[in-house]
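# Topology and contacts: notes
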Amino acid sequence: MKKDWWKKKVAYQIYPKSFQDSNGDGIGDIPGIISRLDYLKGLGIDIIWISPMYQSPMVDQGYDVSDYRAIDPCFGTMEDMIRLIAEAKKRDMHILMDLVVNHCSDQHEWFQKAIEDPFGKYGRYFYIEKKSDLIPNNWRSEFGGSVWDLLPGHEAEDLYYLHTFAKEQPDLNWENPEVREEIYDIVNWWLDLGIAGFRIDAIINIKKNLSWENYPADRPDGLASASKMLEQTEGIGEFLQELKMRCFEPHQALTIGEVFDPTGERTEEFIGENGYFSTMFFFDPIIPFLKESLKTRIQTFDPKIWRDIIFQKQKKGFFANVVENHDQPRGASVLIPEGDYSFYSVTALGSINLLLRGLPFLYQGQEIGMTNITFDSMEEFDDTAAKDQYKEAVDLGYSHEEALASVNRYGRDNARTPVQWSDHDQAGFTTGTPWQKVNPNYREINVENQEKEYGSILNFYRRLIAFRKSEEYGDLFAYGDLVPKYESEDTIFAFTRSHQNQKVLFLCNYSHDPKKLELEEQGNVIFVNYPQTTFEGKAICLKPYEVVVLELF
Ligand code: NOJ
């Protein structure tokens, strides 16, 4: 396997609005991030991806960019950003920005100019179409409702524009070479500023099915998910190859695509030796529990299904492994069976995240075991997607209580509550009023308390990351093969990792019941989440959620 510099690293996602406030306005900011760099360094983090901080009206929390070359004042200034890049470099850390170029904000000057002159230069930056037999078609946007809205000021002319996400996020027309040039300039401008690369938002959506054909309705609203077209649309590779050659390759940028590819058919094309990106997120293990119909969502988490999904695709590529992010509920709340949250289950989940093959990403707060929050009413949700999730549930015939319970469990706001730094007011996140409610469990779950306790989740993560990157095993975890083991045992999550003449066996009993397992091979214990490991002859007696890594003889 190619030994790229980033393959031995550990990455961390910051959702800036909720990370650390420095000026008491209740919103996390860049000086706040700078003040926590030493903390992240101490945790063992090398690469930091920060969700969008560009100028934005924040309809979708920064994923609606109104100026790609400006920092939104709520996060600070461009000087702060330059200082952040420099401070990270000093610590041998790398900053990744979020590249949001499937769409921009309706407040971006391109869209404003398109409104002024829909058939002029900037009108061609978007998908603006006159009403016809085909337009508006029946595609549903990701946040509910049609992907088509009337162009403001042009209602009488029946002019529509396309938006895959919220109506305030018009899609950019990648078919137009002028749009692509604008994007390449922006990307190169940021890379020249010294960032290491990008996480690339919604990139799979940039190629549209221009036949605008309708699809069979998939919900009672009569619409069909716009993502349906992705299965049929071809030609995205030309855009992505050009983006790579014009921007990423010359800068040797690290790029992580937000690409959904459940079948794995496109892994090689996207992230193989000559792929468009360095790697892409490995969402497969979390999505099946979240994105299916409401019935499936309410289904209880099944560790065996989850494990098998992970194993099916691990072999296919070197993915960016996640257990949660700003779009998903907390891993500790949905990937651990209800009632099983404990030091052991959380550290078992973390160990899987870190020791699988791939580039591990932690999401802020994961390292202390932050959990979902409970909101009492829909008014408490901030996220625009939550409102659609609620509506979907109600449309499907669920009661208000059931719909609310579903959004509470799976909504994106769960991961967007402020990071719990201490047990002081507002969890030490802000001296003001936080933009989003602090999870009331901050008095028990917070960084400051866990710093003081050797046996805390935080200190476990420190040991785990150090183990993953260690002199002795760093190459093995970065470049080693992965072979699933003991797959017939439903609750055992086990695999070997091997590299050159080294081989380790990762064993985890992902269950609240103890499990005795006859081992095929023996070895020395090199990593654990319990103080003691019990063997009985050739068997190992695994306690609930016990993790044991053996170096095989
Ligand atoms: C994916 C991002 O992660 C999500 O937060 C956002 O709403 C959509 N893309 C649209 O940009």
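Here, the structure is the one placed above.
Residue positions are given per chain, counting from 1 as you read along its sequence in written order. Local features are withheld for residues below a pLDDT of 70 in this predicted model, meaning they are given only at 70 or higher, and side-chain atom pairs are given and counted only at 80 or more; totals for whole chains, interfaces and linings count all residues. Processing note: side-chain calculations cover all non-hydrogen atoms of the structure and skip hydrogens and water entirely.

### Here we look at the overall build of the protein chain
Going along the chain from the N terminus, every DSSP run of H or I of four or more residues is numbered as a helix, and every run of E of two or more is numbered as a strand. Each helix and strand in the protein chain was counted, giving 16 helices and 23 strands. Restricting the calculation to C-alpha atoms gives the radius of gyration, and the globule rule supplies 2.2 Å times the number of residues raised to the power 0.38. Whereas a compact globule of 553 residues would reach a radius of gyration of roughly 24 Å, the protein chain reaches 24 Å, a difference of no more than 12%. With the C-alpha coordinates aligned to their principal axes, the bounding extent of the protein chain is approximately 80 × 50 × 50 Å. Per-residue burial for the protein chain yields a buried fraction of 63% across its 553 residues. We call two residues in contact whenever any of their non-hydrogen atoms come within 4.5 Å of each other. Of the contacts formed within the protein chain by residues at least 6 apart in sequence, a portion of 69% connects residues at least 24 apart. Of the charged side chains in the protein chain, 58 are positive and 89 negative, and the gap between their average positions amounts to 5 Å. Each residue's exposure class comes from its accessible area (1.4 Å probe, protein chains only) as a fraction of the maximum for that residue type: buried when under 20%, exposed when over 50%, partly exposed otherwise. Asp and Glu are treated as the negative residues and Lys and Arg as the positive ones, with His and the ends of the chain left uncounted. Charge positions are represented by NZ for Lys, CZ for Arg, CG for Asp and CD for Glu.

### Regarding the sheet that holds strand S23 (residues 547–552)
A pair of strands is treated as paired once DSSP finds two or more bridges between them. Spatial ordering of the open sheet is given by S16-S17-S18-S23-S20, a layout of 5 strands whose pairing is antiparallel. Two strands bound the open sheet, and with one partner strand each, they are strand S16 (481–485) and strand S20 (523–528). Across the sheet, the axes of successive neighbouring strands diverge by a mean angle of 25°, strand direction being ignored. Judged from the 5 bridges that link them, strand S18 (residues 502–509) and S23 form a sheet pairing that is antiparallel. Between N-to-C directions, angles span 0 to 180 degrees; the directions come from axes that are lines fitted to C-alpha atoms, helices contributing only their stretch in contact.

### Digging into the sheet that holds strand S5 (residues 94–99)
Either a parallel or an antiparallel arrangement is found when strands of a sheet pair, and the pairing is made through backbone hydrogen bonds. On the basis of which strands lie adjacent, the closed barrel formed by 8 strands has the order S1-S2-S5-S10-S12-S13-S14-S15 and parallel pairing. The pairing of strand S14 (residues 320–321) with strand S15 (residues 359–363) spans 2 bridges and is parallel. Looking at S15, one finds that Ala 320 is bridged to Leu 359. Packed onto the sheet, helix H3 (residues 78–90) meets strand S2 (47–50) and S5 and runs at close to 140° relative to S5.

### Observations regarding the site of the ligand
A molecule or strand has a residue near it when one of that residue's heavy atoms lies within 4 Å. Asp 60, Tyr 63, His 103, Phe 143, Phe 165, Arg 199, Asp 201, Glu 258, His 326, Asp 327, Arg 412 and Arg 416 make up every residue found near the ligand. Here an oxygen atom of the ligand and a side-chain polar atom of His 326 are 2.7 Å apart. Between an oxygen atom of the ligand and a side-chain N or O atom of Arg 412, the distance comes to 3.0 Å. Against a free-state accessible area of 290 Å², the protein chains account for coverage of 97% of the ligand. For this scheme, ten residues count as nonpolar: Ala, Val, Leu, Ile, Met, Phe, Trp, Tyr, Cys and Pro. Four count as charged, namely Asp, Glu, Lys and Arg, and the remainder, Gly too, count as polar. Grouping the amino acids of the shell around the ligand by side-chain chemistry returns 3 nonpolar, 2 polar and 7 charged. Here a polar contact is taken to be a pair of N or O atoms separated by no more than 3.5 Å, where protein atoms must pair a possible hydrogen donor with a possible acceptor and residues adjacent in sequence count only if both atoms sit in side chains. Under the convention used here, a 1.4 Å probe and the Shrake-Rupley method define accessible areas, while residue burial counts only the protein chains that appear.

### Some details on the pairing of S18
Summarising burial for S18: 7 of the 8 residues are buried, a large majority. Direction of pairing for strand S17 (residues 492–499) relative to S18: antiparallel, over a ladder of 8 bridges. What sits directly across from Ala 494, in S18, is Leu 507. What sits between the antiparallel neighbours S17 and S18 is a turn of 2 residues, in which Gln 500 has the positive phi angle 50°.

### Quick look at the packing of helix H5 (residues 177–193) against helix H6 (residues 236–251)
Viewed as axis vectors pointing N to C, H5 and H6 meet at an angle of 25°, and their least axial separation amounts to 10 Å. The angle between H5 and H6 places the two elements in the roughly parallel class. Two packed elements cross with a definite hand, and for H5 against H6 that hand is right-handed. Facing H5, whose interface residues are Arg 180, Glu 181, Tyr 184, Val 187, Asn 188, Leu 191 and Asp 192, H6 presents Phe 239, Glu 242, Leu 243, Arg 246, Cys 247, Phe 248 and His 251. Residue composition of the contact of H5 with H6, by class: 7 nonpolar, 2 polar and 5 charged. Roughly parallel means an angle under 35 degrees; roughly antiparallel means over 145; roughly perpendicular covers 65 to 115; every other angle is labelled oblique. Helix crossings fall into two classes, left-handed where the near helix is turned counterclockwise from the far one by less than a right angle and right-handed where it is turned clockwise.

### Overview of the pattern of salt bridges
Only one rule defines a salt bridge in this text: a Lys or Arg side-chain nitrogen within 4 Å of an Asp or Glu carboxyl oxygen. As enumerated under the stated definition, the model contains 38 salt bridges in all. Taking the shortest distance from any N to any O, the salt bridge between Arg 83 and Asp 80 comes out at 4.0 Å. One end of the pair is Arg 83 and the other is Asp 80, both in helix H3 and 3 residues apart, which spans about a single turn. For Asp 80, a relative accessible area of 15% translates into the label buried. The partner of Asp 383 in a salt bridge is Arg 416, with the nearest N and O atoms 3.7 Å apart. Here Asp 383, found in the loop between S15 and helix H12 (384–395), pairs with Arg 416, found in the loop between helix H13 (400–410) and helix H14 (447–452); they are 33 residues apart in sequence, far enough to count as distant. With respect to burial, Asp 383 and Arg 416 carry one shared label: buried.

### Overview of the side chain of Asn 321
Residue position: Asn 321 is located in strand S14. Taking the relative accessible area as the measure of exposure, Asn 321 reaches 2% and is therefore buried. Within the structure, Asn 321 has its side chain in polar contact with the backbone oxygen of Arg 357 (distance 2.8 Å). In this view, Asn 321 contacts Phe 282, Gln 314, Asn 353, Leu 356, Arg 357, Gly 358, Leu 359, Pro 360 and Phe 361; residues no more than four positions away in its chain are not counted.

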